[in-house]
Amino acid sequence: MAYLSYVAVAIAAYFLGSVPTGYLVARAKGIDIRTVGSGNIGATNVFRILGRPAGVLVLGADALKGFVAVATIVNGYPQLHGWFPQFFSTGAGGHSDDQLRENLGIVAGIFAVFGHNFPCWLNFKGGKGIATSAGVLVALVPWALLVILAIWIVVFALTRYVSLGSIAASFALPFAAWLTGSSLTLVLITAGLGVLAIYKHKGNIHRLLNGSESRVSFKRKPSPS
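Here is what the cut-offs are and how they apply
- Residues numbered from 1 in each chain as written.
- Predicted model: local features only at pLDDT ≥ 70, side-chain atom pairs only at ≥ 80, totals over all residues.
- Heavy atoms only, no water.
- Helix = DSSP H or I, 4+ residues; strand = E, 2+ residues; numbered from the N terminus.
- Contact = heavy atoms within 4.5 Å.
- Areas by Shrake-Rupley, 256 points an atom, 1.4 Å probe, with all protein chains shown as cover.
- 1 Å grid on protein atoms, 1.4 Å probe; cavity = no way out; pocket = protein on both sides within 12 Å on 5 of 7 lines; lining within 4 Å.
- Points joined across faces, edges and corners; volume = space filled by probe spheres on them.
- Nonpolar A, V, L, I, M, F, W, Y, C, P; charged D, E, K, R; others polar.
- Core = buried A, V, L, I, M, F, W, Y, C linked by side-chain atoms within 4.5 Å.
- Buried < 20%, exposed > 50% of the residue type's maximum accessible area, 1.4 Å probe, protein only.
- Phe/Tyr/Trp six-rings, centres within 6.5 Å; stacked < 30°, edge-to-face > 60°.
- Lys NZ or Arg CZ within 6 Å of the ring centre and 35° of its normal.
- Patch = residues over 30% accessible without salt bridge, like charges linked within 9 Å, V, L, I, M, F, W, Y side chains within 5 Å.
- Salt bridge = Lys/Arg side-chain N within 4 Å of Asp/Glu carboxyl O.

(A) Representation of the overall build of the chain. The number of helices and strands found in the chain is ten helices and zero strands. Secondary structure elements of the chain occur, N-terminal to C-terminal, as α-α-α-α-α-α-α-α-α-α. For the chain, long-range pairs separated by at least 24 residues make up 63% of all intrachain contacts whose partners lie at least 6 apart in sequence. In the structure as shown, the chain presents an accessible area of about 12000 Å², 68% of it carried by carbon and sulfur atoms.

Below you can see the structure in the form of structure tokens.
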């Protein structure tokens, strides 16, 4: 019966991750975010089109999806064990409680990111998973997240490219997980999340190579006279 716990967690995490926050926030303002800017439903495009408050809201909500998906399992495991002992039992599937908790947390994180990247509500065309992955990493490997956040900040500060910072951080993720003492399983999973994030940036990579990628500018636009 242990496999049912994995299936249940995967389904619940997918649907939590699939809530299209950026699309919903833009729709509330009468805009289909998929038809403007880069066409992406993520926080960066929302920030560019709708401004800082909306962008920060979407960024936080997308990160929260990943964090809640994992933390509910990792921190709520004792309660789940008590409520559903047939699914979350000691030694289920040949695993100890700690192993089962980590494995289920990983499953929750992976499927929350999948839900964000491929939401069934929007024909499986979602965001790039950076914010949602960050929420997952807060719950699973917080020290590794601090390392790649520092990398993102440095790359972004030097180039003003959000996408390049995200690509560099994604590439560094499994190395950061390894250096901060994560298990081999988590290193491999973070490598997979990094590869997925880089794949979702394929359009940005093409624009970076041909020089058409947009930089973030902090200069105020001159007001019309």
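(B) Representation of the layout of surface pockets in the model. By volume, the second largest pocket amounts to about 300 Å³. Lining the second largest pocket are 16 residues, with Ser-38, Asn-40, Gly-126, Lys-128 and Lys-200 sitting closest to its centre. Mapped onto the lining of the second largest pocket, the elements with two or more residues apiece are helix 9 (184-200) and helix 10 (202-210). With four residues, the top contributor of residues to the lining of the second largest pocket is helix 10. Of the residues that constitute the lining of the second largest pocket, the class distribution is four nonpolar, six polar and six charged.

(C) Examining the nonpolar core more closely. Leu-137, Leu-140, Val-141 and Ile-148 are the most contacted members of the largest nonpolar core, which totals 21 residues. No other element matches helix 8 (residues 162-179), which puts five residues into this core. Leu-137 has contacts with Pro-142, Leu-145, Ile-148, Leu-173 and Thr-190, leaving out every residue within four places of it along the chain. Among the nonpolar cores identified, the runner-up in size contains eleven residues, and Ile-33, Ala-43, Val-46 and Ala-54 belong to it.

(D) Spotlight on unusual backbone geometry. The residue Asn-123 is not glycine, and still its phi comes out positive at about 55°. Overall, the relative accessible area of 60% leaves Asn-123 in the exposed class. Here the phi dihedral of Phe-124 falls at roughly 65°; this positive angle occurs in a residue that is not glycine. Within the secondary structure, Phe-124 sits in the loop between helix 5 (97-117) and helix 6 (130-140).

(E) Inspection of the packing of aromatic side chains at higher detail. In the structure shown here, the tally under the stated rule is six aromatic pairs. Between Phe-15 and Trp-121, the ring centres sit 5.9 Å apart and the planes meet at 50°, which makes this aromatic pair tilted. Pair noted here: Phe-15 is in helix 1 (residues 2-17) and Trp-121 is in the loop between helix 5 and helix 6, with a separation of 106 residues, a long-range link. For Phe-15, a relative accessible area of 40% puts it in the partly exposed group. For Trp-121, a relative accessible area of 53% corresponds to the exposed category. By way of ring pairs, the aromatic residues Tyr-14, Phe-15 and Trp-121 are connected into one cluster. Looking at Arg-160, its charged tip hangs above the ring of Phe-156, at a distance of 5.9 Å from the centre. Its guanidinium or amino end placed over the ring of Tyr-199, Lys-202 lies 4.3 Å from that ring's centre, counting from NZ or CZ.

(F) Region of interest: a nonpolar patch on the surface. On the surface, a nonpolar cluster with roughly 360 Å² of combined accessible area is contributed by Leu-16, Leu-64, Phe-67, Val-68 and Val-138. In terms of residue count, the dominant contributor to the nonpolar patch is helix 4 (residues 52-83) (three residues). Along the chain, Leu-64 turns up in helix 4.

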